[in-house]
Amino acid sequence: MKHPFLLLFLLAVPTLCYGLSTSAHTTDSTDIYENADFLAPLKSGGQQIDAITIQSPDNSLALSVTIYSNKVNYTLSKQGAAVLLPSDLGLQLTDGDLMQEISLTEITTSEKQETISLSFGERPNFASHYKEIRLHLKNKNSLHFQLIFRLSNQGMAFRYHFPETNSRKQLRVQYEHSNFVLADSYTAWGEKYNEQGYTPSAVNNLRSLVPLTLSGSNYSLCINEADNDRFARMGLSGINNSLKTTFLGSTRQHALPLSLPWRYVTVGDSPEDLIDKKEMLYALTAEAFDPKDWDWVKPGNVFRCLNLTTAAALEALDFCADMNIPYMMFDAGWYGLGYGQSKEKNPASNPLEVIAALDMKKITAYAHNKGIGILLYVNKVAWDNYDNQAMFDLYESWGIKGLKLGFVDGYTAAGNQQVYRIIKEAARRKMLINVHDNFRPTGLVHRYPNLMTAEGVRGNEYIGNTGDHTVLIPYTRMLTGATDFTICYLGNDPSYEKPAYLNTTRAHQLAMSIIMYSPLQHIFWYAKPGIYHHPVEVELFTYLPVVWDDFVIVKGEMGQYIGMARKKGNRWFLALLNNSKARNIEVDLDFLNAQKNYQMAIYQDDNKGSVQKSISQIPDNKKLSVSLKSNGGSVVVLYEDTDTLMVDIPEATFTRLAPNPAEDICYLTVATPGRNDIRIWDLNGRKMLEVSPLLTKEPYPLEIGQLAPGTYLVIVTDPHQKKTVLPLVVK
């Protein structure tokens, strides 16, 4: 390891600020399906006008579109087998059915092949290749519109477009009647309400948020929406073997030109194949993007501070600096009336007024000097009731690096527009965004690169979650983008009860930190580092990436377990998550470079409720046998023999203390002479000493006579900002 003693600090220094999140256990306040139009009017298609069929670039999929005088429908097949039977499309506008007495003006086709870059993704780039059909139509009211279809090797998509030159200047869509008529029986892994969790069921009578995953005996499907920053959110309702789109919130009037969000279906040979094809979402939303314009966007880990005092915040920032954590966040309670949902939801809670216990200018200035970015939580009540520009002006004056939006309305057109207005203004101020509660991203990573992550999931704040739930997230919620799962790694101190328990094992939690992709990653959500008594349990977090170069699904069975390997540089991080049934599995390591020699560090559950680590060469047959406990997991870090970051560095290269244990004075010898910052912490997270002497290679005397007998941690930061953490025992 590059800093083998760094993990000791995590073991012993408590989180200086902590608390339970107010966003846990959020539910939808109204029935989002109450006013949905589930049954489209049954009607005759009228006379057939035209039809067209195209093949995907690899010829595996075929899309046929038929135009009638009163409707348009489509079919989809894979390798000659039907996937979707004739499925009608349509919209209900304020003045009636869009498809009444339509005429076809023109059919155009095109094909495009490109490489799409993702600066903060699970892969840096991917290949996109699709064919497009564009139907130019006009209805009886002389309203011109287009139906656009795309077919790629991953699946098909369609959207409605209304050009600017038209019989009207604006319109409102009341209901959408787009259908997906399934040609086979499927198990639907639906989630009816936000943060409810996923339940397998039949399609008939289903009510579900998207993305919706469908697993069948022949194929697996994912139905989702893309490019939605202005419209009501899409849901799905099941009738017999058909799924129909529905709006989950109220719609709005829109000026022309107008393109509705994409509705798309990914077609996989298995649920695991859907994960590999998830980038279809970004292919539909790709835009011109220059990474140099967004070089200020920095992914990283986040430390949450909820002990809302200035002194605690300054100590928390020291902790972040010592742990190389780039962001510290104030969650609920830092402004207005303070902490508690009843206070947060009170319009009198002013986001322009910091609570008396916090000196925000002092805190942010200290953070700036430490190179730590401050993130602030601000909820919907504040955005609704106060001057947003004044809020941004104030936060920008403090040097705030990002915002977490809470309790947003991600269902209605008005609510969705509000969220993206905030995201856009935050980008202008060079602030990152994390959106929580009723919101899910729809692939707009090029339009809004500062939207780093979002919740929209029953995350680890629900401490009762078992592996039966967590193994489903990569197959469901994660198909629509970065997922802030707020991982709650459990400590070893029985007196600490935030949380008192977790139903998943510690190795399961380690594996989630790899599988649950989020460029802003929370790991110790409810914890304080001082509760971790076993170094091996948290060692992984000291060198864990948050964005990746590649990933592969190495093994999986939906609802049972999943194995995913992510690559960063020359290393692979293989993570396995298991449900509540213990099992043994064999993993093929054929994703490794056959020309390289690898070692592996294996982190797995032991028989004492902790984590054990072993290091070995990979098996000659490149097949790894793994035993997974109930609700358990495992992480295997595969690294080349020449990877020095995973190899112990000789002790002589380290900054060191002697004697140790010591009584009144100990001597510090540093590897890098010059101005070194020295801090000593006790095991309760209190800073006991801070000096910044100009050091030579000669031992420097540290006077420790004022320290009570016990164990301390000495953090030394050299002139190059390299940190070394040393345990010190005072006699």
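Now for a look at the structure at hand. (Residues numbered from 1 in each chain as written. Predicted model: local features only at pLDDT ≥ 70, side-chain atom pairs only at ≥ 80, totals over all residues. Heavy atoms only, no water.)

### Side note on the overall build of the protein chain
The cut-off we apply is this: Secondary structure elements are taken from DSSP: a helix is a run of H or I of four residues or more, a strand is a run of E of two residues or more, and numbering for both begins at the N terminus. The globule rule used for comparison is 2.2 Å times the number of residues to the exponent 0.38, while the radius of gyration itself is calculated over C-alpha atoms. Here's how the labels work: a residue is buried when its accessible area is under 20% of the maximum for its type, exposed when over 50%, partly exposed in between, all with a 1.4 Å probe on protein chains only. Here, residues are in contact when the closest pair of their heavy atoms is within 4.5 Å. Here the Shrake-Rupley method, with its probe set to 1.4 Å, supplies the accessible areas, and only the displayed protein chains count as covering residues.
When helices and strands are counted, the protein chain shows twelve helices and 46 strands. For 731 residues, the compact-globule formula gives about 27 Å, and the C-alpha radius of gyration of the protein chain, at 28 Å, lands near that figure. Seen through its principal axes, the protein chain has C-alpha atoms that stretch 95 × 65 × 45 Å. Here the protein chain holds 731 residues, and 61% of them are scored as buried. Residue pairs in contact within the protein chain that sit at least 24 positions apart in sequence constitute 71% of those at least 6 positions apart. For the protein chain, the computed accessible surface area is about 27,400 Å², with 47% contributed by carbon and sulfur atoms.

### What about helix H6 (residues 360-370)?
Under the convention used in this document: This arc corresponds to the set of directions leading from the helix axis out to the C-beta atoms.
Restricting attention to buried positions, one finds in H6 the residues Met360, Ile363, Thr364 and Ala367. All buried residues of H6 project into a common sector of 90 degrees when viewed along the axis, lining one side. Those residues of H6 that are exposed and angled more than 90 degrees off the buried face are Lys361 and Asn369.

### Some remarks on empty space enclosed by the protein
To keep it simple, the criterion reads: Think of a 1 Å grid over the protein atoms and nothing else: a 1.4 Å probe that fits but is trapped marks a cavity, an open set flanked by protein within 12 Å on at least five of seven lines marks a pocket, and residues with an atom within 4 Å of a point count as lining. Grid points are joined across faces, edges and corners, and a volume is the space filled by probe spheres set on the points. Charged means Asp, Glu, Lys or Arg here, nonpolar means Ala, Val, Leu, Ile, Met, Phe, Trp, Tyr, Cys or Pro, and polar covers whatever is left, Gly included.
Applying the stated criterion to the full structure yields seven cavities of 30 Å³ or more. Space inside the largest cavity adds up to approximately 350 Å³. Around the largest cavity, the lining comprises 28 residues; the ones closest to its centre are Phe120, Tyr282, Val445, Leu451 and Tyr517. For the lining of the largest cavity, the leading source of residues is strand S28 (residues 451-454), giving four residues. Looking at side-chain class alone, the lining of the largest cavity contains 17 nonpolar, seven polar and four charged residues. A volume near 110 Å³ is recorded for the second largest cavity. The wall of the second largest cavity is formed by 14 residues, among which Glu225, Arg233, Arg440, Pro441 and Thr442 lie closest to the centre.

### Regarding the sheet that holds strand S42 (residues 687-691)
The line we're drawing: When DSSP finds two or more bridges between a pair of strands, those strands are recorded as paired. In this analysis an axis means a line fitted to C-alpha atoms, helices contributing only their contacting stretch, and an angle means the value between N-to-C directions, from 0 to 180 degrees.
Spatial strand order, S42-S41-S45-S46: four strands in an open sheet with antiparallel pairing. Two strands in the sheet have a free side with no partner beyond their single neighbour: S42 and strand S46 (723-730). Within the sheet, the average angular offset between the axes of one strand and its neighbour, ignoring direction, is 20 degrees. Looking at chain direction, strand S41 (residues 677-682) and S42 are connected through four bridges and run antiparallel. Residue pairing across strands places Ile678 opposite Val691, the latter belonging to S42.

### Some remarks on the side chain of Glu122
The test is simple: Counted as a polar contact is a pair of N or O atoms within 3.5 Å, where, for protein atoms, one must be capable of donating a hydrogen and the other of accepting one, and residues adjacent in sequence contribute only when both atoms are in side chains.
In this structure, Glu122 sits in the loop between strand S7 (103-117) and strand S8 (125-138). Of note is the side chain of Glu122, whose polar atom sits 3.1 Å from the side chain of Lys278. A polar side-chain atom of Glu122 sits 2.9 Å from a polar atom in the side chain of Arg566. Beyond its immediate stretch of four places on either side in the chain, Glu122 contacts Lys278, Met478, Tyr517, Trp548, Asp549, Asp550, Phe551 and Arg566.

### Brief notes about the packing of aromatic side chains
Note the following rule: Only rings of Phe, Tyr and Trp enter the pairing, Trp through its six-membered ring, and a pair is recorded when the two centres are within 6.5 Å. The plane angle decides the type: under 30 degrees is stacked, over 60 is edge-to-face, the rest tilted.
Counted by the stated rule, this structure contains 18 aromatic pairs. Taking the centre distance of 6.2 Å and the plane angle of 40 degrees together, the rings of Phe145 and Phe162 count as tilted. Highlighted residues: Phe145 in strand S9 (residues 144-152) and Phe162 in strand S10 (residues 155-162), separated in sequence by 17 residues. Considered together, Phe145 and Phe162 belong to a single accessibility category, that of buried residues. An angle of 35 degrees between the planes, with centres 5.7 Å apart, marks the rings of Tyr395 and Trp398 as tilted. One end of the pair, Tyr395, and the other, Trp398, are both in helix H8 (residues 388-398), three residues apart, so they sit about a helical turn from each other. Look at Tyr395 and you get buried, because its relative accessible area is 0%. Taken together, the ring pairs connect Tyr74, Phe149, Phe158, Tyr160 and Phe180 into an aromatic cluster.

### Some points on the nonpolar core
Note the threshold: Nonpolar cores were defined as sets of buried Ala, Val, Leu, Ile, Met, Phe, Trp, Tyr and Cys residues, with membership established by side-chain atoms within 4.5 Å.
Counting residues in each nonpolar core, the largest one holds 54 residues, and the members touching the most others are Tyr74, Phe149, Phe162, Leu214 and Leu243. Discounting residues that sit within four places of it in the chain, Phe149 has contacts with Leu63, Val65, Tyr74, Leu89, Lys131, Glu132, Ile133, Leu135, Met156, Ala157 and Phe158.

### Let's talk about the pattern of salt bridges
The cut-off we apply is this: Here a salt bridge means any side-chain nitrogen of Lys or Arg lying within 4 Å of a carboxyl oxygen belonging to Asp or Glu.
Counted by the stated rule, this structure contains 30 salt bridges. Across the pair Arg440 and Glu191 runs a salt bridge whose closest N-O atoms are separated by 2.3 Å. Separated by 249 residues along the polypeptide, Arg440 in the loop between strand S27 (432-438) and S28 and Glu191 in the loop between strand S13 (186-190) and strand S14 (199-201) bring together distant segments of the chain. Arg440 sits in the buried class, given a relative accessible area of 7%. What makes Glu191 buried here is its relative accessible area of 1%.

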